[in-house]
Amino acid sequence: MQLKHRVALDDVQLDSVDDRIMISKIETGDGKENIQLASLWGEVAGSRVTSMHRDSLDITVKFRIRLKKRDMKEREEVIEKVNAWAFAGGWLTTNYKTNRRIRVFRAQAATAGDPWEWTKEYAVVFRACGVPYWQEEEPNSVQKLNVSSASLVMGVNGSEKTVLEADFKNTSGNTCNTFMIGVANTNISMSFSSLGLANGETLVIDHDDNGKRCNLRLRIRSTGGSYRSVMNKRTALSSDDLTISPGTRTVSFAAQTTGQITVRCRGRFA
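As the structure is a prediction and not an experimental result, all values here were calculated from the model.

Quick look at the environment of A166 now. Its location among the elements puts A166 in strand β11 (residues 162-170). Spatially, the C-alpha atoms of A166 and V204 are 6.1 Å apart, while their sequence positions differ by 38 residues. Beyond its immediate stretch of four places on either side in the chain, A166 contacts I181, L203, V204, I205, T262, V263 and R264.

Residue placement: L216 occurs in strand β15 (residues 216-221). On the basis of relative accessibility, which here comes to 15%, the residue L216 falls in the buried class. With 51 residues separating them in the primary sequence, L216 and E165 have C-alpha atoms 9.4 Å apart. Apart from the residues within four sequence positions on either side, L216 is in contact with M190, I205, D206, H207, M231, R234, D240 and D241.

In this structure, the second largest pocket occupies an estimated 290 Å³ of space. Around the second largest pocket, the lining is made up of 20 residues, and of these Q135, E165, D208, D209 and R266 lie nearest the centre. Where the lining of the second largest pocket is concerned, the elements lending two or more residues are β11, β14 (202-207) and β18 (247-265). Broken down by element, the residue count for the lining of the second largest pocket peaks at 3 residues, all from β11.

Calculation notes
Residues numbered from 1 in each chain as written. Predicted model: local features only at pLDDT ≥ 70, side-chain atom pairs only at ≥ 80, totals over all residues. Heavy atoms only, no water. Helix = DSSP H or I, 4+ residues; strand = E, 2+ residues; numbered from the N terminus. Contact = heavy atoms within 4.5 Å. Buried < 20%, exposed > 50% of the residue type's maximum accessible area, 1.4 Å probe, protein only. 1 Å grid on protein atoms, 1.4 Å probe; cavity = no way out; pocket = protein on both sides within 12 Å on 5 of 7 lines; lining within 4 Å. Points joined across faces, edges and corners; volume = space filled by probe spheres on them.

Structure representation (structure tokens):
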């Protein structure tokens, strides 16, 4: 039976675990926001925001079990199956959020309660902390070939800031030692010196792709496919990370040599 609500973890559908499971609701809670304020000086009333970030986001999956009142043992078995499915967490997707996913862990298992309550609605709570937003499964990307500098216009979907990623493959025949990339009309930029990016190698600016956290990675990919870190090649005035806001944005770059530049991002949604 095709259910109205469907939810999966790493592509395993909850309703495939047991055909007696009927998913009734999938609720995205209010994000836990952390806002820091500083009072204005003197007699002026009010305060200003010094920092704002989201700590976590909860997703609650509610379900019922299609069993008769006296089937208490079977009901317990179904709940155990649901909790086993939810245990490790993973990439959570639903049938009504197209091209969206969120990385979660199980924050609260389903509990049976009174086994005689055969019409009870059960719930499993998932929590996203590393990236506490729904985000696009497939990134938007823009690419240019055989350039040493360029401005790339890209559409950034979503309703929240996200992280920008980039690949620059050196195709010049010479070694590239300097590279800069930044978001136009912002103070967000990153520069490198003494890179030692040989012909055919690729500078990769990306993040952990498992969604458990969003740690920046700065690496060079060799022609053989191995990686080496270039964290220590980033200049002191560089931003801590490359972030970009929703809308139509321009990303500029300049390198010592010509090459193939690709910039990409996944939109984030509250």
